[in-house]
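One-letter residues, chain by chain:
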Amino acid sequence: MTTSTVIRNGLVITAADEIHADVLIEDGRIAALAATGTPAAEAFTAERVIDATGKYVIPGGVDAHTHMEMPFGGTYAADTFETGTRAAAWGGTTTIVDFAIQTVGHTLREGLDAWHAKAEGNCAIDYGFHMIVSDVNQETLKEMDLLVEEGVTSFKQFMAYPGVFYSDDGQILRAMQRAGENGGLIMMHAENGIAIDVLVEQALARGETDPRYHGEVRKALLEAEATHRAIKLAQVAGAPLYVVHVSATEAVAELTRARDEGLNVFGETCPQYLFLSTDNLAEPDFEGAKYVCSTPLRPKEHQAQLWKGLRTNDLQVVSTDHCPFCFVGQKELGRGDFSKIPNGMPGVENRMDLLHQAVVDGHISRRRWIEIACATPARMFGLYPKKGTIAPGADADVVIYDPHAEQVMSAETHHMNVDYSAYEGKRTTGRVETVLSRGELVITEREYTGHAGHGVYTPRSTCQYLN
């Protein structure tokens, strides 16, 4: 039963505007907005009224980079689509775009079908898929066209992980050429994996086995080199490029240069690179394993350039790359050999709050917060204006956000299915209070009222930024 709802007296914040307005929701969509106290707003009637006095009313977050139930290094990411999407809702995210994986020797369709089977009927919020392309051949290239037609419009390739996901420059070029023709967007994990493997082998031979060496072998220069190479290959192919989880000053410089040249090149960073550093990787007693992800955490001095990139729009999106592995039994697989630590960190529940803290700290504005967490990812991946904004006709994915509430992040209170928090003990200002997904209450005044299966698969159009 769909219920009509009016949200009164809140400050509505989108990427473009801030206005004290009442929001009318009917049939799962935003029906109307009107300035609070005006006759138009007073005329709104609904079965349910939510008072947002003193609160923000913001679009639900769009996390365009998650890995639920992802196989990696002999184990699986600890969050299922059910637990992961529930945690996302708790954190004010109402849409995820996860990665379906093609395994070598199999078709894209087989990979996509497998991920549909994992997610269908299990999600608390809406979801879409990108496609990881691990095996570029003539059949794969033909399949890319078909996937774009049915709403899977982005394809991820890896310059890292030889023997698993790795594509060489020729395979990357072919996939980029195809994307240039069919409107798809290539997402790139930009690290020189061939060179990194040499450095890993050398470090282990020297007896350098602790988690901190994960960061030392995956050098910032090798991220920058791969970013540069990906940009040039995209230029040759006449295709757009989206570089995922940018972590290093030198890689930001490559993106900035490309964008200054007018190229369709985009960049994403993640909260872990903005708030954590190699200091975490170096924590004693193997605790640093909790922070092993790729690209790796960098020394603190890289953070300033990432924040600057977000302010100048040389980086456009903040996603989580949520790929949680429990410390006990999973991260521990790499005791005595950092190269065997599963790569990935939990974060889908923390993103909106951490970015609000960035507003409080003066790194970004309120509207930029909504832009990098909601509107731009929706536009980048063909979901806007259905997702990512509060406007008539948009899905009623709405968060009532208390900007004054204080919280301490902890594994004891988070809802992700993982035994540690990457931000344990961090104090933040601002907290999600109520979340609606297509007009249905998923979080009601800090209580989970959603259910598995409410979230539906959402086909996407092509990138809305291409000139």
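The structure presented is a predicted model; accordingly, all values stated were derived computationally and were not measured.

About the cut-offs
Throughout, a residue's number is its position along its own chain's written sequence, starting from 1. Predicted model: local features are reported for residues with pLDDT of at least 70 only, side-chain atom pairs are reported and counted for 80 or more only, and whole-chain, interface and lining totals are derived from all residues. The side-chain figures draw on all heavy atoms in the structure; neither hydrogens nor water molecules are used. UniProt positions are given in the numbering used here, feature names are shortened, and annotations may be inferred rather than shown by experiment. Helix numbers and strand numbers start at the N terminus; a helix is a DSSP run of H or I with at least 4 residues, a strand a run of E with at least 2. Orientation is described by lines fitted to C-alpha atoms, with helices fitted over the stretch in contact, and by angles between N-to-C directions that extend from 0 to 180 degrees. By the definition adopted for this analysis, an angle is roughly parallel if under 35 degrees, roughly antiparallel if over 145, roughly perpendicular if from 65 to 115, and oblique otherwise. Two helices crossing with the near one rotated counterclockwise from the far one by less than a right angle form a left-handed crossing, whereas a clockwise rotation gives a right-handed crossing. Contact definition: two residues touch when any of their heavy atoms are within 4.5 Å. Side-chain atoms within 4.5 Å are what join buried Ala, Val, Leu, Ile, Met, Phe, Trp, Tyr and Cys residues into a set we call a nonpolar core. Working definition: with a 1.4 Å probe on protein chains only, accessible area under 20% of the residue-type maximum means buried, over 50% means exposed, and in between means partly exposed. Lys, Arg, Asp and Glu make up the charged group, whereas Ala, Val, Leu, Ile, Met, Phe, Trp, Tyr, Cys and Pro make up the nonpolar group; the residues left over, Gly among them, are polar. A strand pair is defined by DSSP finding two or more bridges across the two strands. For the purposes of these results, a polar contact is taken to be a pair of N or O atoms within 3.5 Å, where, inside protein, one atom must be able to donate a hydrogen and its partner to accept one; residues adjacent in sequence count only when each atom of the pair is a side-chain atom. Salt-bridge detection follows one rule: a side-chain nitrogen of Lys or Arg within 4 Å of a carboxyl oxygen of Asp or Glu.

Engineer: Tell me about the UniProt feature "domain: Amidohydrolase-related" (unreviewed entry) in the protein, and name the residues and values.
Structural biologist: With numbering aligned to this structure, UniProt lists the feature "domain: Amidohydrolase-related" (unreviewed entry) at residues 56–442. Across residues 56–442 one finds 36% helix and 19% strand; the C-alpha atoms that close the span lie 17 Å apart.

Engineer: Describe the packing of helix α8 (residues 220–237) against helix α9 (residues 249–260), naming the residues involved and giving the relevant values.
Structural biologist: Running from N to C, α8 and α9 cross one another at 20 degrees; their axes reach a closest spacing of 7 Å. Relative to α9, α8 is oriented roughly parallel. As α8 runs across α9, the sense of the crossing is right-handed. Two secondary-structure elements touch here, α8 through Ala220, Leu221, Glu223, Ala224, Thr227, His228 and Ile231 and α9 through Glu250, Ala251, Glu254, Leu255 and Ala258.

Engineer: Describe the nonpolar core, with residues and values.
Structural biologist: Counting 133 residues, the largest nonpolar core has Ile58, Met176, Ile186, Met188, Leu241, Tyr242 and Trp369 as the members making the most contacts within it. The element best represented in this core is α8, accounting for eight residues. Residues in contact with Ile58, not counting those within four places in the same chain, are Ile13, Met352, Trp369, Ile370, Ile390, Asp397, Val398, Val399 and Tyr401.

Engineer: So, the packing of helix α3 (residues 108–119) against helix α4 (residues 138–149): which residues are in play, and what are the values?
Structural biologist: Direction vectors running N to C along α3 and α4 enclose 45 degrees, while the axes themselves pass 9 Å from each other. Between α3 and α4, the interaxial angle falls into the category oblique. For the pair α3 and α4, contact is made by Leu108, Arg109 and Leu112 and by Thr140, Glu143, Met144 and Leu147, respectively. Grouping the amino acids of the contact of α3 with α4 by side-chain chemistry returns four nonpolar, one polar and two charged.

Engineer: Could you give me a rundown of the pairing of strand β16 (residues 398–408), with the residues and numbers involved?
Structural biologist: For β16, the tally of buried residues reaches eight of 11 residues, placing the bulk of the element in the interior. Both strand β5 (residues 56–59) and β16 contribute to a ladder of four bridges, which runs antiparallel. Paired with Ile58 across the strands is Val399, a residue of β16. Here β16 pairs with strand β17 (residues 427–437) via eight bridges, running antiparallel. Residue pairing across strands places Val398 opposite Leu436, the latter belonging to β17.

Engineer: Tell me about helix α2 (residues 81–90), residues and numbers included.
Structural biologist: Most of α2 is tucked away: eight of the 10 residues are buried. Check the buried side of α2 and you find it contacts β9 (93–101), α3, β10 (126–132), β17 and β18 (440–443). Phi turns positive, to about 85 degrees, at Gly92, one or two residues after α2.

Engineer: Can you explain unusual backbone geometry? Please cite residues and give values.
Structural biologist: Looking along the chain, the bond that leaves Ser294 and enters Thr295 is cis, with omega of 0 degrees. Counting through the fold element by element, Thr295 comes out in the loop between α11 (278–281) and α12 (303–312). Even without glycine at this site, Asn9 takes up a positive phi of about 70 degrees. The residue Asn9 is located in strand β1 (residues 5–13) in this model.

Engineer: I'd like to hear about the side chain of His245, residue by residue, with values.
Structural biologist: Along the chain, the position of His245 falls in the loop between β13 (241–243) and α9. The exposure class of His245 is buried, given its relative accessible area of 1%. Only 3.1 Å separates the side chain of His245 from the side chain of His189, close enough to count as a polar contact. Excluding its chain neighbours within four sequence positions, the residues that come into contact with His245 are His65, His189, Glu223, Glu268, Thr269, Cys270, Tyr273, Ser294, Thr295 and Asp321.

Engineer: Pulling in residues and values, what's your account of the pattern of salt bridges?
Structural biologist: A full pass over the atoms with the stated rule returns 28 salt bridges. For Arg178, the salt bridge identified is with Asp145, shortest N-O distance 3.0 Å. With Arg178 in helix α5 (residues 169–182) and Asp145 in helix α4, this residue pair connects regions lying 33 residues apart in the sequence. In the salt-bridge network here, residues are joined through shared partners; they are Arg29, Asp126, Lys386, Lys387, Asp395, Asp397 and Arg438.

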